[in-house]
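# Examining the three-dimensional arrangement
For reference, the chains in residue letters:
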Amino acid sequence: MNIDIKVLDQLLDTATESFSNDEIPVSAAILNSKTNELIAFAGNNRQKECNVLGHAEINCILQAEKYIKDWRLDGFYMIVTMEPCDMCSMIIKESRLDKVYYFLPKKSLSTIDISLNKEQLSTYEEYKEKFNKLLTAFFDKMRWKPLFLWYNNPWEVFVWVIRFYIENIDQIHLIV
(Lines give C-alpha, C1' and ligand atoms only; values in the text may rest on other atoms or scores of the structure.)
Protein backbone atom coordinates (compact mmCIF):
# COMPACT_ATOMS: atom_id res chain seq x y z
CA MET A 1 0.00 0.00 0.00
CA ASN A 2 1.53 3.29 -1.12
CA ILE A 3 -0.03 6.39 0.45
CA ASP A 4 0.72 9.91 -0.76
CA ILE A 5 2.57 11.99 1.86
CA LYS A 6 0.00 14.79 1.38
CA VAL A 7 -2.75 12.41 2.56
CA LEU A 8 -0.66 11.35 5.56
CA ASP A 9 0.00 14.99 6.45
CA GLN A 10 -3.71 15.78 6.11
CA LEU A 11 -4.56 12.89 8.46
CA LEU A 12 -2.00 14.18 10.97
CA ASP A 13 -3.27 17.78 10.72
CA THR A 14 -6.88 16.69 11.15
CA ALA A 15 -6.04 14.49 14.15
CA THR A 16 -4.05 17.36 15.69
CA GLU A 17 -7.00 19.70 15.16
CA SER A 18 -9.29 17.18 16.90
CA PHE A 19 -6.80 17.04 19.79
CA SER A 20 -6.80 20.83 20.13
CA ASN A 21 -10.63 20.76 20.25
CA ASP A 22 -10.56 18.24 23.15
CA GLU A 23 -11.69 15.43 20.86
CA ILE A 24 -10.05 12.02 20.64
CA PRO A 25 -7.39 12.63 17.94
CA VAL A 26 -8.56 10.22 15.25
CA SER A 27 -8.88 11.14 11.59
CA ALA A 28 -9.98 9.35 8.44
CA ALA A 29 -9.68 9.80 4.69
CA ILE A 30 -11.52 8.20 1.77
CA LEU A 31 -9.81 7.75 -1.58
CA ASN A 32 -10.77 6.43 -4.99
CA SER A 33 -9.50 2.84 -5.37
CA LYS A 34 -8.47 3.35 -9.02
CA THR A 35 -7.02 6.88 -9.05
CA ASN A 36 -6.08 7.34 -5.36
CA GLU A 37 -7.87 10.71 -5.50
CA LEU A 38 -8.71 12.02 -2.04
CA ILE A 39 -12.46 12.70 -1.90
CA ALA A 40 -13.07 13.17 1.85
CA PHE A 41 -11.29 13.54 5.16
CA ALA A 42 -12.57 14.21 8.67
CA GLY A 43 -11.78 14.04 12.36
CA ASN A 44 -13.75 13.32 15.51
CA ASN A 45 -16.26 15.97 16.62
CA ARG A 46 -18.46 14.20 19.20
CA GLN A 47 -17.88 16.75 21.95
CA LYS A 48 -18.14 19.83 19.75
CA GLU A 49 -21.33 18.70 18.01
CA CYS A 50 -22.78 16.85 21.04
CA ASN A 51 -23.36 13.90 18.76
CA VAL A 52 -22.56 10.28 19.58
CA LEU A 53 -22.07 9.62 15.85
CA GLY A 54 -19.28 12.20 15.55
CA HIS A 55 -16.54 9.66 14.85
CA ALA A 56 -13.96 10.46 12.17
CA GLU A 57 -14.96 7.45 10.06
CA ILE A 58 -18.65 8.36 10.04
CA ASN A 59 -17.96 12.04 9.33
CA CYS A 60 -15.70 11.02 6.46
CA ILE A 61 -18.30 8.65 5.00
CA LEU A 62 -20.94 11.39 5.13
CA GLN A 63 -18.62 13.78 3.26
CA ALA A 64 -17.80 11.16 0.62
CA GLU A 65 -21.48 10.35 0.08
CA LYS A 66 -22.23 14.03 -0.53
CA TYR A 67 -19.26 14.34 -2.87
CA ILE A 68 -20.22 11.40 -5.11
CA LYS A 69 -23.98 11.89 -4.55
CA ASP A 70 -24.51 8.25 -3.60
CA TRP A 71 -24.49 6.31 -0.33
CA ARG A 72 -22.74 3.35 -1.95
CA LEU A 73 -18.97 3.78 -1.69
CA ASP A 74 -18.01 0.86 -3.96
CA GLY A 75 -14.68 1.66 -5.59
CA PHE A 76 -13.35 3.64 -2.62
CA TYR A 77 -11.20 2.80 0.39
CA MET A 78 -10.60 4.39 3.77
CA ILE A 79 -7.42 5.18 5.68
CA VAL A 80 -7.92 5.81 9.39
CA THR A 81 -5.44 6.58 12.14
CA MET A 82 -6.92 4.01 14.55
CA GLU A 83 -8.77 0.76 13.97
CA PRO A 84 -12.52 1.48 13.72
CA CYS A 85 -14.78 0.73 16.69
CA ASP A 86 -17.73 -1.65 16.36
CA MET A 87 -20.20 1.12 15.50
CA CYS A 88 -17.95 2.56 12.79
CA SER A 89 -17.20 -0.93 11.44
CA MET A 90 -20.91 -1.57 10.97
CA ILE A 91 -21.38 1.73 9.12
CA ILE A 92 -18.26 1.12 7.00
CA LYS A 93 -19.63 -2.29 6.05
CA GLU A 94 -23.01 -0.82 5.13
CA SER A 95 -21.39 1.93 3.05
CA ARG A 96 -19.69 -0.76 0.95
CA LEU A 97 -16.15 0.63 1.10
CA ASP A 98 -13.70 -1.72 -0.63
CA LYS A 99 -11.12 -1.78 2.17
CA VAL A 100 -10.06 -0.06 5.38
CA TYR A 101 -6.40 0.59 6.22
CA TYR A 102 -5.52 1.67 9.74
CA PHE A 103 -2.35 2.62 11.59
CA LEU A 104 -3.00 1.79 15.26
CA PRO A 105 -4.96 -1.17 16.63
CA LYS A 106 -7.75 -0.39 19.08
CA LYS A 107 -7.09 -1.38 22.68
CA SER A 108 -10.53 -2.70 23.55
CA LEU A 109 -11.81 -6.08 22.45
CA SER A 110 -14.49 -6.20 19.82
CA THR A 111 -17.86 -7.26 21.11
CA ILE A 112 -19.40 -7.82 17.69
CA ASP A 113 -18.03 -10.08 14.98
CA ILE A 114 -17.97 -7.86 11.90
CA SER A 115 -16.46 -9.27 8.75
CA LEU A 116 -14.75 -6.21 7.35
CA ASN A 117 -11.98 -6.06 4.78
CA LYS A 118 -9.44 -4.20 6.94
CA GLU A 119 -5.68 -4.25 7.20
CA GLN A 120 -3.21 -2.70 9.62
CA LEU A 121 -0.54 -0.73 7.81
CA SER A 122 2.88 -2.20 8.51
CA THR A 123 4.86 0.73 7.07
CA TYR A 124 4.93 4.48 7.78
CA GLU A 125 6.49 4.05 11.24
CA GLU A 126 7.09 7.81 11.55
CA TYR A 127 3.39 8.54 11.17
CA LYS A 128 2.36 5.65 13.42
CA GLU A 129 4.55 7.12 16.14
CA LYS A 130 3.04 10.59 15.67
CA PHE A 131 -0.53 9.25 15.81
CA ASN A 132 0.33 7.18 18.89
CA LYS A 133 1.89 10.21 20.64
CA LEU A 134 -1.24 12.26 19.95
CA LEU A 135 -3.51 9.58 21.40
CA THR A 136 -1.27 9.06 24.43
CA ALA A 137 -1.09 12.80 25.08
CA PHE A 138 -4.87 13.11 24.80
CA PHE A 139 -5.59 10.38 27.35
CA ASP A 140 -2.82 11.61 29.65
CA LYS A 141 -4.41 15.06 29.53
CA MET A 142 -7.77 13.53 30.45
CA ARG A 143 -6.34 11.57 33.40
CA TRP A 144 -4.27 14.34 34.99
CA LYS A 145 -6.29 17.51 35.38
CA PRO A 146 -4.99 20.27 37.63
CA LEU A 147 -7.70 22.27 39.41
CA PHE A 148 -7.27 25.62 41.09
CA LEU A 149 -9.53 26.27 44.04
CA TRP A 150 -9.73 29.81 45.38
CA TYR A 151 -11.01 30.73 48.82
CA ASN A 152 -11.80 34.07 50.48
CA ASN A 153 -8.14 34.54 51.32
CA PRO A 154 -5.11 34.96 49.10
CA TRP A 155 -3.95 31.37 49.60
CA GLU A 156 -4.00 29.20 46.52
CA VAL A 157 -4.77 25.52 46.86
CA PHE A 158 -3.44 23.33 44.11
CA VAL A 159 -5.25 20.04 43.62
CA TRP A 160 -4.45 17.20 41.22
CA VAL A 161 -7.31 15.03 40.10
CA ILE A 162 -5.92 11.64 39.15
CA ARG A 163 -8.00 9.07 37.31
CA PHE A 164 -7.00 5.43 37.43
CA TYR A 165 -8.58 2.67 35.41
CA ILE A 166 -8.15 -0.55 37.33
CA GLU A 167 -10.06 -3.61 36.14
CA ASN A 168 -12.51 -1.35 34.24
CA ILE A 169 -13.29 0.68 37.36
CA ASP A 170 -12.78 4.42 37.15
CA GLN A 171 -11.14 5.59 40.39
CA ILE A 172 -10.61 9.27 41.14
CA HIS A 173 -8.06 10.46 43.73
CA LEU A 174 -7.43 14.02 44.93
CA ILE A 175 -3.96 15.10 46.01
CA VAL A 176 -3.69 18.43 47.85
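Right above here is the structure, for reference.
About the cut-offs
Residue indices begin from 1 for each chain and proceed along its sequence in written order. Thresholds applied to this predicted model are a pLDDT of at least 70 for local features of residues and 80 or more for the giving and counting of side-chain atom pairs; totals over whole chains, interfaces and linings are not thresholded and use all residues. The basis for the side-chain values is all heavy atoms of the structure; hydrogens and waters are excluded. Each patch is assembled from residues with relative accessible area greater than 30% and no salt bridge, linking like charges that lie within 9 Å and nonpolar side chains (Val, Leu, Ile, Met, Phe, Trp, Tyr) that lie within 5 Å. Accessible areas in this description were obtained via Shrake-Rupley with a 1.4 Å probe; residue shielding takes into account the shown protein chains only. Every case where a carboxyl oxygen of Asp or Glu lies within 4 Å of a side-chain nitrogen of Lys or Arg is listed as a salt bridge. We score Asp and Glu as negative and Lys and Arg as positive, and we do not count His or the chain ends. One atom stands in for each charge, and that atom is NZ of Lys, CZ of Arg, CG of Asp or CD of Glu. Helix and strand labels come from DSSP, where a helix needs a run of H or I of at least four residues and a strand needs a run of E of at least two; each type is numbered from the N terminus. Strand pairing follows a simple DSSP-based rule, namely that at least 2 bridges must link the two strands. To obtain each axis, a line is fitted to C-alpha atoms, and for helices this fit is confined to the stretch in contact; angles are then taken between N-to-C directions over 0 to 180 degrees. Two residues qualify as a contact provided that any one of their heavy atoms is within 4.5 Å of a heavy atom in the partner residue. Expected span of a helix, by definition, is 1.5 Å for each gap between consecutive residues, and there is one gap fewer than residues. Any residue under 20% of the maximum accessible area for its type is buried, any over 50% is exposed, and the rest in between are partly exposed; the area is computed with a 1.4 Å probe on protein chains only.

## Some remarks on a negative patch on the surface
- Where like charges cluster on the molecular surface, the negative patch consists of Asp 4, Asp 9, Asp 13 and Glu 17.
- In this fold, Asp 13 is placed in helix 1 (residues 5–20).

## Structural notes on the sheet that holds strand 1 (residues 27–32)
- Read from one edge of the open sheet, five strands run 2-1-3-4-5, paired in mixed fashion. Two strands close off the open sheet at either side, each with one partner strand: strand 2 (38–43) and strand 5 (118–120). The mean inter-strand angle of the sheet, taken between neighbouring strand axes irrespective of direction, is 20°.
- Summarising the sheet, strand 3 (residues 76–82) and strand 4 (residues 99–104) pair through five bridges and their orientation is parallel. Residue pairing in the sheet places Ile 79 in a bridge with Tyr 101 of strand 4.
- Set on the sheet, helix 1 makes contact with strand 1, strand 2, strand 3 and strand 4; between it and strand 1 the angle comes to about 150°.

## Comments concerning the environment of Glu 65
- Inspection of the secondary structure assignment puts Glu 65 in helix 3 (residues 56–68).
- Along the chain, Glu 65 and Ile 39 lie 26 residues apart, while their C-alpha atoms are 9.5 Å from each other.
- Setting aside anything within four residues of it in sequence, one finds Glu 65 in contact with Asp 70, Trp 71 and Leu 73.

## A few points about helix 3
- Its 13 residues give helix 3 an end-to-end C-alpha distance of 18 Å, which sits within 8% of 18 Å, the value for a rise of 1.5 Å per residue.
- Those residues of helix 3 lying buried are Ala 56, Glu 57, Ile 58, Asn 59, Cys 60, Ile 61 and Ala 64.
- Packed against the buried residues of helix 3 are strand 1, strand 2, strand 3 and helix 4 (86–95).
- One or two steps after helix 3, the chain reaches Lys 69, where phi turns positive at roughly 60°.

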